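Below are the chains, spelled out letter by letter.
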Amino acid sequence: KSFIVYNIPKPSAYDFISSNSTVLLADSSLIRQPGKIVFHIRHNWWNRYVSDITQIEKEKRTFYQSEMLYIRNKFIQFGSRKIAVIDSLPNIKTPVKDKLFVDLILLSDNPNIKIADLKKWFTFNKIIIDSSNKEWRNEKWKKECENLKIDFYSVIDSGAYIENEH
């Protein structure tokens, strides 16, 4: 199994690969441009012998379920990994009695959010800043993570985020 956050300027694109199947969760602007998918993603599928491809527009991700993947609004479970996609301010009342645990937080689409607030609402292992965010916000979040000693990964700075589970 592999989870990939692609480094494609402007849109978000997340790939959930298991065996020869994948679910690509991406902005509709990317999915509607097959040439961009060929250029940025399809070669990776060919290298991994992926033949069964499902594409989901991120804006329509209210619910999806398969053997390998569960998506419900902003929350994703891929195998044992729990992921929260933060692309807008969460509708969470503070203070929170019980924080929600996720393995990864994906910051996407420039939400006006502080990392310290995420710590109030979630318990998590790592933050991933995807390539749909503006450069200045990427820099701001990186500094906040460093100051708070939070593990993070910036796709804009370091390229695609790839996590393999064997």
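Relevant structure appears above.
**Regarding the sheet that holds strand S3 (residues 21-26)**
(1) Moving on: Spatial ordering of the open sheet is given by S4-S3-S2-S1-S14, a layout of 5 strands whose pairing is mixed. The sheet terminates laterally at strand S4 (52-57) and strand S14 (161-164), the two strands that pair on one side only. Along the sheet, successive strands turn relative to each other by an average axial angle of 10 degrees, direction set aside.
(2) Moving on: Sheet topology note: the strand S1 (residues 2-5)/S14 ladder contains 4 bridges and is antiparallel. Paired with Ser2 across the two strands is Asn164, which belongs to S14.

**A word on the pattern of salt bridges**
(1) Moving on: Inspection of the entire model under this criterion finds 13 salt bridges.
(2) Moving on: Asp109 is the salt-bridge partner of Lys58, the closest N and O atoms lying 2.8 Å from each other. With a gap of 51 residues between them, Lys58 in the loop between S4 and strand S5 (63-65) and Asp109 in the loop between strand S10 (104-107) and helix H3 (115-121) connect regions that are remote in the sequence.
(3) Moving on: The class of Asp109 is partly exposed, set by a relative accessible area of 31%.
(4) Moving on: Across the salt bridge formed by Asp117 and Lys120, the nearest N and O atoms sit 3.3 Å from each other.

**Comments concerning the pairing of S1**
(1) Moving on: Residue alternation in S1 divides its side chains into two sets, Ser2 and Ile4 and Phe3 and Val5, and both sets are buried.
(2) Moving on: When S1 meets strand S2 (residues 13-18), the two strands line up antiparallel, connected through 4 bridges. Within S2, the position partnered with Ser2 by the bridge is Ile17.

**Let's talk about the nonpolar core**
Soluble globular proteins tend to pack their nonpolar side chains together in the buried interior.
(1) Moving on: Counting 20 residues, the largest nonpolar core has Phe3, Phe16 and Ile128 as its most contacted members.
(2) Moving on: Where this core is concerned, the elements lending two or more residues are S1, S2, S3, strand S6 (69-72), strand S7 (75-78), strand S8 (81-86) and S10.
(3) Moving on: Ignoring anything within four residues of it in the chain, the contact list for Phe16 reads Ser2, Phe3, Ser21, Thr22, Val23, Leu25, Met68, Leu69, Ile76, Phe78 and Ile83.
(4) Moving on: Grouped together as the second largest cluster of nonpolar side chains are 16 residues, Phe122, Ile127, Ile129 and Trp141 included.

**A look at the sheet that holds strand S12 (residues 126-129)**
(1) Moving on: Reading across from one edge, S5-S6-S7-S8-S10-S12-S13 is the order of the 7 strands in this open sheet, with mixed pairing throughout. Two strands in the sheet have a free side with no partner beyond their single neighbour: S5 and strand S13 (152-154). The mean inter-strand angle of the sheet, taken between neighbouring strand axes irrespective of direction, is 15 degrees.
(2) Moving on: Pairing analysis gives 4 bridges linking S8 to S10, with the strands arranged parallel. Bridge pairing in S10 places Ile83 opposite Leu104.
(3) Moving on: Packing of helix H4 (residues 135-148) onto the sheet brings it into contact with S10, S12 and S13, and relative to S13 it is tilted by some 160 degrees.

**Looking at the packing of aromatic side chains**
(1) Moving on: As enumerated under the stated definition, the model contains 6 aromatic pairs in all.
(2) Moving on: Ring centres of Phe16 and Phe78 lie 5.3 Å apart, and the angle between their planes is 65 degrees; this geometry places the pair in the edge-to-face category. Here Phe78 lies in strand S7 and Phe16 lies in strand S2, a separation of 62 residues in the sequence.
(3) Moving on: Note on Phe16: relative accessible area 0%, which makes it buried.
(4) Moving on: Ring geometry for Tyr153 versus Tyr161: centroids 5.2 Å apart, planes at 65 degrees, classification edge-to-face.
(5) Moving on: Judged by relative accessible area, Tyr161 falls into the buried class, the value being 6%.

Parameters at a glance
- Residues numbered from 1 in each chain as written.
- Predicted model: local features only at pLDDT ≥ 70, side-chain atom pairs only at ≥ 80, totals over all residues.
- Heavy atoms only, no water.
- Pairing = 2+ DSSP bridges.
- Helix = DSSP H or I, 4+ residues; strand = E, 2+ residues; numbered from the N terminus.
- Axes fitted to C-alpha atoms, helices over the stretch in contact; angles between N-to-C directions.
- Salt bridge = Lys/Arg side-chain N within 4 Å of Asp/Glu carboxyl O.
- Buried < 20%, exposed > 50% of the residue type's maximum accessible area, 1.4 Å probe, protein only.
- Core = buried A, V, L, I, M, F, W, Y, C linked by side-chain atoms within 4.5 Å.
- Contact = heavy atoms within 4.5 Å.
- Phe/Tyr/Trp six-rings, centres within 6.5 Å; stacked < 30°, edge-to-face > 60°.

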